[in-house]
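So the chains spell out like this:
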Amino acid sequence: YQPPWLGLERHRKAGAAWLLARGLKAKADDIVVISGAQHGAATVLSALTEPGDTVLTEALTDPGIKFIAASRRLNLRGVAIDDQGLIPDALDEACRAARAAALFCLPTHHIPTSAMMSAARRKAVAAVARKHELAIIENDVYGPYAANHPPPLASFAPERTYYVTSLSKSVVPALRIGYLATPPGGAQRLVASLGASSWMASPLMA
């Protein structure tokens with residue numbers, strides 16, 4: 001039980017290699033080893049939000065985010081979707097209607113519709129987030145199942161996206177290890193949240 005809470009250096013380098021295979025280029029210094037994607041999303045929201053803040057999601061979304069929102073006393077607001085997931089104009093309208101702390105979304109194999117957001121749509125969503133200075137939490141746990149998928153949303157807005165993935169869905173369920181890529185230089189911002197939740201992901205598992 002000792003720092004680094006972000007994960008051992010060799011484990012973070014392994015995470016960088018895993019993410020590169022998913023189409024995301026990230027430095028090991030910007031990667032946090034997490035205990036699954038749910039832990040990663042909770043860690044980010046703990047660091048970025050205060051009780052009462054609004055978090056945007058797709059109109060239909062992963063039920064896991066509801067547990068996080070309830071525990072943090074966050075307000076979830078659904079944004080309209082179509083067969084490609086989030087609609088950029090609807091996201092823009094939601095941001096203008098109420099100040100939001102973050103957007104939580106699943107661009108690849110969206111839950112529960114399995115929608116796949118195109119590269120052009122991801123670029124448009126990133127532009128809206130940049131316009132409104134909105135942080136993005138991209139859940140990509142199902143990315144490894146998608147052949148020829150577009151680049152992660154994080155590649156279009158790296159300065160504001162927290163990219164979360166896990167080996168639990170794609171390798172083996174019992175392996176509660178995942179990787180969280182932060183905006184450049186953003187990993188240290190999560191140390192307090194990691195220390196409060198699990199101290200650090202299991203080095204043995206990693």
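Residues numbered from 1 in each chain as written. Predicted model: local features only at pLDDT ≥ 70, side-chain atom pairs only at ≥ 80, totals over all residues. Heavy atoms only, no water.

## Here we look at the nonpolar core
Then, number 1: If you look at the biggest cluster of nonpolar residues, it comprises 27 residues, and the most contacted ones within it are Val 32, Val 44, Leu 45, Phe 104, Ile 137, Leu 180 and Leu 190.
Then, number 2: Among the secondary structure elements, those contributing two or more residues to this core are β1 (31–34), α2 (37–48), α3 (64–72), β6 (102–105), β7 (135–139), β8 (161–166) and α7 (191–197).
Then, number 3: Top element by residues in this core is α2. It accounts for five residues.
Then, number 4: Beyond its immediate chain neighbours, meaning those up to four positions away, Val 44 contacts Ile 137, Tyr 162, Leu 180 and Leu 190.
Then, number 5: Listed in part, the 19 residues of the second largest apolar core include Val 79, Ala 90, Val 128 and Ile 136. (Core = buried A, V, L, I, M, F, W, Y, C linked by side-chain atoms within 4.5 Å. Buried < 20%, exposed > 50% of the residue type's maximum accessible area, 1.4 Å probe, protein only. Helix = DSSP H or I, 4+ residues; strand = E, 2+ residues; numbered from the N terminus. Contact = heavy atoms within 4.5 Å.)

## Some remarks on the confidence of the model for the protein
Then, number 1: When pLDDT is averaged across the protein, the result is 93; 99% of the residues are at 70 or more.
Then, number 2: Per-element confidence in the protein ranges from a low mean pLDDT of 85 for helix α6 (residues 167–170) to a high of 98 for β6. (pLDDT = per-residue confidence, 0-100.)

## Re the packing of aromatic side chains
Then, number 1: Counted according to the given criterion, the structure contains two aromatic pairs.
Then, number 2: For the ring pair Trp 5 and Trp 199, a centre distance of 5.0 Å and an interplane angle of 90° mean the geometry is edge-to-face. Taken together, the positions of Trp 5 in the segment before α1 (9–21) and Trp 199 in the segment after α7 put the pair 194 residues apart, joining distant regions of the chain.
Then, number 3: Ring centres of Tyr 142 and Tyr 145 lie 6.4 Å apart, and the angle between their planes is 35°; on these two criteria the pair is classed as tilted.
Then, number 4: Tyr 145 gets classed as partly exposed once you look at its relative accessible area, which sits at 48%.
Then, number 5: The lysine or arginine in question, Arg 22, covers the ring of Trp 18, its NZ or CZ lying 4.9 Å from the ring centre. (Phe/Tyr/Trp six-rings, centres within 6.5 Å; stacked < 30°, edge-to-face > 60°. Lys NZ or Arg CZ within 6 Å of the ring centre and 35° of its normal.)

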